[in-house]
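The primary structure of each chain is shown beneath.
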Amino acid sequence: MNHPMKTRVIPHARASIGEEEIDAVVGTLRSGWLTGGPMVLAFEQAVSAYLGGPQAVSTNSNTMGLLITLKALGIGPGDEVIIPTNTFVATAMSAHHLGATVVPVDIDPHTLSLAPDRVAAALTPRSRCLLPVHLGGLPRDMEPLHALAARHGLRLVEDAAHALSASRGGEAVGAAHRSDATVFSFYATKTITCGEGGMVTTQNADLAARLRRLRHHGIDRDAFNRQESRSWDYDVVEDGYKANMTDIAAAIGLAQLRKLPALQARRQAIAHRYREAFAPLPLHLPTAPPAGDSHAWHLFIIRLRPEAPLDRDGFMLAMQRRGIQCGLHYIPLHRHSFWRQRLGLTPQAFPVAEEVFASSVTLPLYAAMSDDDVTYVIETVGDLLSC
Ligand SMILES: *Cc1c(COP(=O)(O)O)cnc(C)c1O
C-alpha cells in the first residue's frame, strides 16, 4: 500500500492561545461574574495604559464599535461616509446600518488604503466622516486626512482592526489625539484576540460616556455600576444597542495583551525574514513604515508583478497544493453584489484597487508560526516564483 507523503499544513492564521488564557477563562467562570464586570474594566484600563491613556470602551466587536461611534458622532440618513473600497465589509456595514450612505473610494498603491486625492475628489456637501483603515497593520500617514477633515468639517474615525501595536511618529495608533476615535478588533485572527471583541479609544470623555450607554441599550448605567440600595433602578435615555463585551472575553484579552510585545516582536521577525528572502523575486513587497515607526504586521500582503511566472490564482492554488493557506485582503467592496447594486459601482472607478485585487496574496504571518514553518513558506514561494 502506498502511503501518501505526510504534507505539512500551514494555516493562514492561528491565535497564540496558551495556559494563561485558559486559566483566565476558568478563573472568570469560577468567579461567578460572566458578563461585563471587573475583567472588562481591567481590560479597558490595560488597553488605555498600553496606548498612553485614551478613554477605552470595549464592545463585542469592531463592527459594533464602529457603529456606535458613528451613531454617537451624529451620523445618520443623508450623511456620506468615505471608506476605502479595499476593506472588510464590516467597515461599510457599520455606516450602512445607521442609514448613512457609504462612499467607497479608490486606494493608494502603497498603503493599499484610502488615497487622500481620491477622498478629496469624492467630497460633496453631504460628506460627514472619513473612515480610513490601517491596512495590514501599516500605520498610515494620517496628516493629509486630518487636513481634509479640518478643512471640510468632517469627523474622522480610524478602523484599526489590524493595527493594535502599530505606531507612527512616536504615537500609538489608537492614542487618538487628533481623530474622533479609533476602533480595534479582537476577532480570532487579529493581532490579539478575545474570540470576538472590539475596543473604541478616544480622547473625548463625553464621547466615551455616550459609547458606554450606546453599547447597552441606551441605559444610563450598566449592571456592574448599579447602586447597591436601588440595584433595580435604571433609565433608558436613548436608543442604544446590545454591544458590550463579556468578562470571559475580557479575561482572554487581558492575558493576550500581556503577551502583545512578544507576539509583535515575533511577527516583526517573520516579516523581516520574508522581506529579505523575497527581495529578488518578481514581487511588490508590503510597504515598510519609516524608521522608528512600528508596523503591527497583522498581514503580509505581496503583489505579483506582471513578469511573475504565475498569476494570482495560479500562485494561490500552487501554494494550497503544498499545504500553505494564503488569504486575499480584500475582495474590494465594489466587487460584492450588494454594494455594486446598491451604490451602482463599476470597476472602472477603482483602477488601483482593481490592479491590487488582481495581483495580491496574503501569506501566513502569525506569532505561532515556527521557524521551520517560515522557512517552508520562504522556500515554497521561492520555488514557485523564481524566473
Ligand atoms: C476584522 C475587521 C473588522 C471587523 O472586526 P470584528 O471585530 O470582526 O467586527 C473591521 N474592519 C477590518 C479592516 C477588519 O479586518
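Please refer to the structure higher up on the page.
We now turn to the structure provided with this report. (Residues numbered from 1 in each chain as written. Predicted model: local features only at pLDDT ≥ 70, side-chain atom pairs only at ≥ 80, totals over all residues. Heavy atoms only, no water.)

### Some details on the sheet that holds strand β10 (residues 283–284)
Definition in use: Here, a strand pair is defined by DSSP locating no fewer than two bridges between the strands. Note on conventions: DSSP H or I runs of at least 4 residues are helices, E runs of at least 2 residues are strands, and numbering of each starts at the N terminus. Should any heavy atoms of two residues lie within 4.5 Å, those residues are considered in contact. Simply put, an axis is a line fit to the C-alpha atoms, just over the touching stretch for a helix, and the angle between two N-to-C directions goes from 0 to 180 degrees.
Read from one edge to the other, the open sheet built from three strands follows the order β10-β11-β12, with strand pairing classed as antiparallel. This sheet does not close on itself; its edge strands, each paired only once, are β10 and β12 (360–363). Summarising the sheet, β10 and strand β11 (residues 300–304) pair through two bridges and their orientation is antiparallel. Counterpart to Leu283 in the pairing with β11 is Leu304. Seen against the sheet, helix α9 (residues 312–321) touches β11 and β12 and runs at an angle of roughly 25° to β12.

### A look at the pattern of salt bridges
Where charged atoms from two side chains of opposite charge approach closely, those side chains can pair. How we decide: Here, a salt bridge means any Lys or Arg side-chain nitrogen found within 4 Å of an Asp or Glu carboxyl oxygen. Each residue gets one of three labels from its accessible area relative to the maximum for its type: buried under 20%, exposed over 50%, partly exposed in between, using a 1.4 Å probe on protein chains only.
Here the structure, examined in full by the defined rule, presents 16 salt bridges. Arg266 is paired through a salt bridge with Asp371; the nearest N and O atoms lie 3.1 Å apart. Of this pair, Arg266 sits in helix α8 (residues 247–278) while Asp371 sits in helix α12 (residues 371–385), and the two are 105 residues apart along the sequence. For Arg266, a relative accessible area of 22% corresponds to the partly exposed category. The exposure class of Asp371 is partly exposed, given its relative accessible area of 47%. Here the salt bridges do not stand alone but share partners, grouping Glu20, Glu21 and Lys259 into one network.

### Observations regarding empty space enclosed by the protein
The probe, sized like a water molecule, is rolled over the atoms to show the empty space still left. What counts, and what does not: We place a 1 Å grid over just the protein atoms. Points where a 1.4 Å probe fits but has no way out form a cavity, open points with protein on both sides within 12 Å along at least 5 of 7 lines form a pocket, and any residue with an atom within 4 Å of a point lines it. Grid points are joined across faces, edges and corners, and a volume is the space filled by probe spheres set on the points. Note on residue categories: nonpolar means Ala, Val, Leu, Ile, Met, Phe, Trp, Tyr, Cys or Pro, charged means Asp, Glu, Lys or Arg, and polar means any other residue, Gly included.
Going through the model one piece at a time under the given rule, you end up with one cavity of 30 Å³ or more. As a volume, the largest cavity reaches approximately 40 Å³. Asn86, Leu328, His329, Tyr330, Pro332, Ala353, Val356, Phe357 and Ser360 are the residues that line the largest cavity. Of all the elements, helix α11 (residues 351–359) adds the most residues to the lining of the largest cavity, at three residues. Grouping the amino acids of the lining of the largest cavity by side-chain chemistry returns six nonpolar, three polar and no charged.

### Quick look at the sheet that holds strand β2 (residues 80–84)
A sheet is described by the order of its strands in space; here seven strands give the open sequence β1-β9-β8-β5-β4-β2-β3, paired in mixed fashion. The sheet is open, and its two edges are formed by β1 (55–59) and β3 (101–105), each paired on a single side. Pairwise comparison of adjacent strand axes, ignoring direction, gives a mean angle of 25° for this sheet. In this structure, strand β5 (residues 155–159) lies alongside strand β8 (residues 181–185), joined through three bridges in parallel fashion. Paired with Glu158 across the strands is Thr182, a residue of β8. Those strands touched by helix α2 (residues 38–51) are β1, β8 and β9 (198–202), and its axis lies near 135° from that of β1.

### Brief notes about the nonpolar core
What counts here: Residues belong to one nonpolar core when they are buried, are Ala, Val, Leu, Ile, Met, Phe, Trp, Tyr or Cys, and are joined through side-chain atoms within 4.5 Å.
Among the nonpolar cores identified, the biggest contains 40 residues, and Leu70, Ile75, Val81, Ile83, Leu131, Val157 and Leu211 are the most heavily contacted of them. Where this core is concerned, the elements lending two or more residues are α3 (62–72), β2, α4 (89–96), β8, α7 (205–214) and α11. Residue contacts for Ile75: discarding those within four places in its chain leaves Leu70, Val81, Leu98, Ala100, Arg128 and Cys129. Ranked by size, the runner-up nonpolar core spans 28 residues in total, among them Ile270, Ile302, Val377 and Val381.

### Let's talk about the packing of α2 against α8
What counts, and what does not: When describing relative orientation, an angle under 35 degrees is termed roughly parallel and one over 145 degrees roughly antiparallel, while 65 to 115 degrees is termed roughly perpendicular and anything else oblique. Crossing handedness follows the turn of the near helix against the far one: under a right angle anticlockwise gives a left-handed crossing, and clockwise gives a right-handed one.
Close contact between α2 and α8 brings their axes to 8 Å; oriented N to C, the two are set at 30°. Between α2 and α8, the interaxial angle falls into the category roughly parallel. Regarding α2 and α8, the two cross each other, and that crossing is left-handed. Packed against α2, whose contacting residues are Pro38, Met39, Val40, Ala42, Phe43, Ala46, Val47 and Tyr50, the element α8 presents Asp247, Ala250, Ala251, Gly253, Leu254, Leu257 and Leu260 at the interface. In terms of residue class, the contact of α2 with α8 is made up of 13 nonpolar, one polar and one charged.

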